[in-house]
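So the chains spell out like this:
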Amino acid sequence: MGVQSVGRTLVFSEEFDDPDLDLNVWLPHYLPAWSSRATTAATYSLSDSCLHLSIPREQSLWPAEQHSPLRVSAVQSGNGSGPVGGTLGQQPPHAGAVVREEQPAFAGWTPSGGYLETRMRATISPRSMFAWWMVGLEDIPARSGEICVAEIFGDTVTARPSAAIGTGLHPFRDPDLIDDFEALAVPIDVTEFHTYAVDWTPDATAFYVDDELVRRCPDPPTYPMQMMFAVFDFPDRSDGNDDHLVPELVIDYVRGYA
């Protein structure tokens with residue numbers, strides 16, 4: 001538990017202590033409306049009270065059209081779409097993307113504010129990344145804003161050690177939001193556990209790493225948002241000698257406080 005959470009009321013706690021993923025909270029797929037659940041299933045396991053998301057060499061590409069090649073293992077705490085052939089869905093991969101598999105409405109943990117915190121570590125290389133972000137449920141297109149709590153690309157990791165941690169807001173189709181995102185170098189070793197957090201109020205989002213304030217963004221969205229945790233691999237960024245690498249994101253806990 002981070003210092004910033006002291007004195008707050010715990011309202012959500014996922015400790016990953018059970019042998020199976022709680023499917024009432026998490027969907028182990030990445031934006032399945034744009035292809036299918038079968039083709040977007042995460043590679044994951046639970047052990048040592050942690051959720052392990054990984055991308056083994058045999059995992060296939062995420063199959064969305066008009067998107068640079070990527071492989072991804074993710075969990076999300078919400079899901080839904082309009083009917084097949086329509087354009088209503090979460091985080092479409094390109095303009096005009098159409099739903100390939102209709103998704104029933106699902107809302108696990110979808111807060112609209114509070115102090116939110118996770119503890120995680122990752123194994124990544126210059127061709128991979130990991131992230132924790134939140135997006136609107138997009139039950140209507142305008143509720144599409146994003147709060148990115150931590151986005152770390154492997155090509156920003158240095159031996160000092162340090163890594164550039166991206167935080168901020170993206171409006172997408174929300175006309176009331178302004179894009180406000182920046183990646184700042186932070187002296188951490190991402191292979192070790194660290195806490196990443198956001199204090200989310202109607203006035204601002206304040207982003208923390210190990211209880212240290214990284215940056216602050218005013219005027220965030222205030223509608224319910226779903227959690228997105230993912231590790232990504234980008235094959236077209238390979239140097240030819242790294243195809244054997246297995247990116248992994250390990251999440252110790254996810255907690256929310258009022």
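Residues numbered from 1 in each chain as written. Predicted model: local features only at pLDDT ≥ 70, side-chain atom pairs only at ≥ 80, totals over all residues. Heavy atoms only, no water.

(A) Focus on the packing of aromatic side chains. Applying the stated criterion across every chain, the model contains eleven aromatic pairs. When the ring of Trp-26 is compared with that of Phe-229, the centres are 6.1 Å apart and the planes differ by 70 degrees; the resulting orientation is edge-to-face. In this pair, Trp-26 sits in the loop between β1 (10-14) and β2 (43-47) while Phe-229 sits in strand β15 (residues 225-233), placing the two residues 203 residues apart along the sequence. By the burial criterion, Trp-26 is buried, and Phe-229 matches it. Ring pairing ties together the aromatic residues Tyr-30, Trp-62, Trp-133, Phe-153, Phe-232 and Phe-234, which thus form one cluster. (Phe/Tyr/Trp six-rings, centres within 6.5 Å; stacked < 30°, edge-to-face > 60°. Helix = DSSP H or I, 4+ residues; strand = E, 2+ residues; numbered from the N terminus. Buried < 20%, exposed > 50% of the residue type's maximum accessible area, 1.4 Å probe, protein only.)

(B) Fine view of the sheet that holds strand β10 (residues 163-170). Spatial strand order, β4-β15-β8-β9-β10-β11: six strands in an open sheet with antiparallel pairing. Two strands close off the open sheet at either side, each with one partner strand: β4 (71-76) and β11 (180-186). Neighbour-to-neighbour, the strand axes of the sheet open up by a mean angle of 15 degrees, direction not taken into account. Judged from the four bridges that link them, strand β9 (residues 146-153) and β10 form a sheet pairing that is antiparallel. (Pairing = 2+ DSSP bridges. Axes fitted to C-alpha atoms, helices over the stretch in contact; angles between N-to-C directions.)

(C) Representation of the state of the cysteines in the model. According to the stated counting rule, one finds zero disulfides in the structure shown. Free of any disulfide, Cys-148 has its nearest cysteine sulfur in Cys-217, 9.9 Å distant. The exposure class of Cys-217 is buried, given its relative accessible area of 0%. (Disulfide = S-S within 2.5 Å.)

(D) Quick peek at the side chain of Ser-162. Considering the arrangement of structural elements, one finds Ser-162 in the loop between β9 and β10. In this structure the side chain of Ser-162 is engaged in a polar contact, spanning 2.7 Å, whose partner is the side chain of Thr-158. Reaching out from Ser-162, the side chain makes a polar contact with the side chain of Arg-160 at a distance of 3.3 Å. (Polar contact = N/O pair within 3.5 Å; in protein donor to acceptor, adjacent residues only side chain to side chain.)

(E) Local environment of the pairing of strand β12 (residues 194-200). Counting buried positions along β12 gives seven out of seven residues, so the element sits mostly inside the fold. In β12, alternate side chains face the same way, and those of His-194, Tyr-196, Val-198 and Trp-200 on one face and Thr-195, Ala-197 and Asp-199 on the other are all buried. Pairing of strand β7 (residues 114-123) with β12 involves seven bridges; the strand directions are antiparallel. Bridge pairing in β12 links Thr-118 to Tyr-196. By the bridge criterion, five bridges tie β12 to strand β13 (residues 204-209) in an arrangement that is antiparallel. Its bridge partner being in β13, Asp-199 is matched across the sheet by Ala-206. Connecting β12 to the next strand, β13, in antiparallel fashion are three residues.

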